[in-house]
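# Survey of secondary and tertiary structure
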Amino acid sequence: MAERSLRGMSIGAKSLESDDNVDFAARTDVAYVCPKGHRTILPFAEGAEIPDQWECRCGEIAHREGEQDQEADEITKPTRTHWDMLLERRSMDELKTLLDKRLGMHHEGWIPDYE
């Protein structure tokens, strides 16, 4: 009985084709590094457009390795907030005086007439 049983293989588990005479597309490996220090290497086709940013596995935005040095060299202006612009126009003493005046008006029950 054992002599007559068929022996097979699981379908899809192994390929019967070989890698002989197969030319793979030319690839370029690009490394990305996130702010937390994770390094990810991704293969891209040689003619493909390579993005400057990639989402890391931790959820942070990773930049191409070597690109961060160029960004650090650029001179960037700090973002001016409303408070920064207010301090350019008025001193702290003026602001305290205005605050006391407005609080006094509020406590007196003053209602502005906008008509």
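To be clear, the structure that these remarks concern was listed above.
The structure displayed is predicted, hence computed values, not measured ones. Starting from 1, residues in each chain are numbered consecutively following that chain's sequence as written. For this predicted model, a pLDDT threshold of at least 70 governs which residues receive local features, and a threshold of 80 or more governs which side-chain atom pairs are given and counted, while totals over whole chains, interfaces and linings are taken from all residues. Only hydrogens and water are set aside; all other atoms, that is, all heavy atoms of the structure, feed into the side-chain values.

### Description of the packing of aromatic side chains
To describe a pair of aromatic rings, one takes the distance between the centres and the angle between the planes. In this analysis, rings of Phe, Tyr and Trp, with Trp reduced to its six-membered ring, are considered paired at centre separations within 6.5 Å, and the interplanar angle assigns stacked below 30 degrees, edge-to-face beyond 60, and tilted for intermediate values. In total, this model carries two aromatic pairs according to the counting rule given. Where Phe44 meets Trp54, the ring centres are 5.9 Å apart and the plane angle is 80°; that geometry is what we call edge-to-face. Here the residue Phe44 occupies a position in strand 2 (residues 39–45), and Trp54 occupies one in strand 3 (residues 53–55), the gap between them amounting to ten residues. Think of it in three bands: with a 1.4 Å probe and only protein chains considered, a residue is buried below 20% of the maximum accessible area for its type, exposed above 50%, and partly exposed in between. Take Phe44: its relative accessible area is 13%, and that puts it in the buried class. Taken together, the aromatic side chains of Tyr32, Phe44 and Trp54 make up a single cluster linked through ring pairs. Working definition: helices are DSSP H or I runs of at least four residues, strands are E runs of at least two. Numbering for both runs from the N terminus.

### Digging into the packing of helix 2 (residues 82–89) against helix 3 (residues 92–107)
Interaxial angle, 0 to 180 degrees, is taken between N-to-C directions of lines fitted to C-alpha atoms, where a helix line uses only the stretch in contact. For the pair helix 2 and helix 3, the least separation of the axes is 8 Å and the interaxial angle reads 105°. As judged from the angle between their axes, helix 2 and helix 3 are roughly perpendicular. In contact with Trp83, Leu86, Leu87 and Arg89 of helix 2, helix 3 contributes Met92, Glu94 and Leu95. Every angle not falling under 35 degrees, over 145, or within 65 to 115 is termed oblique; those three ranges are roughly parallel, roughly antiparallel and roughly perpendicular. Note on definitions: a residue-residue contact is assigned when non-hydrogen atoms from the two residues lie within 4.5 Å.

### Looking at the state of the cysteines
Two cysteines form a disulfide when their sulfur atoms are joined by a covalent bond. Disulfide assignment relies on a single distance test, namely cysteine sulfur atoms paired within 2.5 Å. Scanning the model with the defined rule gives zero disulfides in all. Free of any disulfide, Cys34 has its nearest neighbouring cysteine sulfur in Cys56, separated by 3.7 Å. By relative accessible area, which is 3% here, Cys34 ends up buried. Cysteine Cys56 remains unbridged, with the sulfur of Cys58 as its closest cysteine sulfur at 3.7 Å. The exposure class of Cys56 is buried, given its relative accessible area of 6%.

### Some points on the nonpolar core
Joining through side-chain atoms within 4.5 Å is the link that ties buried Ala, Val, Leu, Ile, Met, Phe, Trp, Tyr and Cys residues into a set, and such a set is a nonpolar core. By size, the foremost hydrophobic cluster in this structure holds seven residues: Val30, Tyr32, Cys34, Leu42, Phe44, Cys56 and Ala62. Sorting the residues of this core by element identifies strand 1 (27–33) and strand 2 as the ones contributing at least two each.

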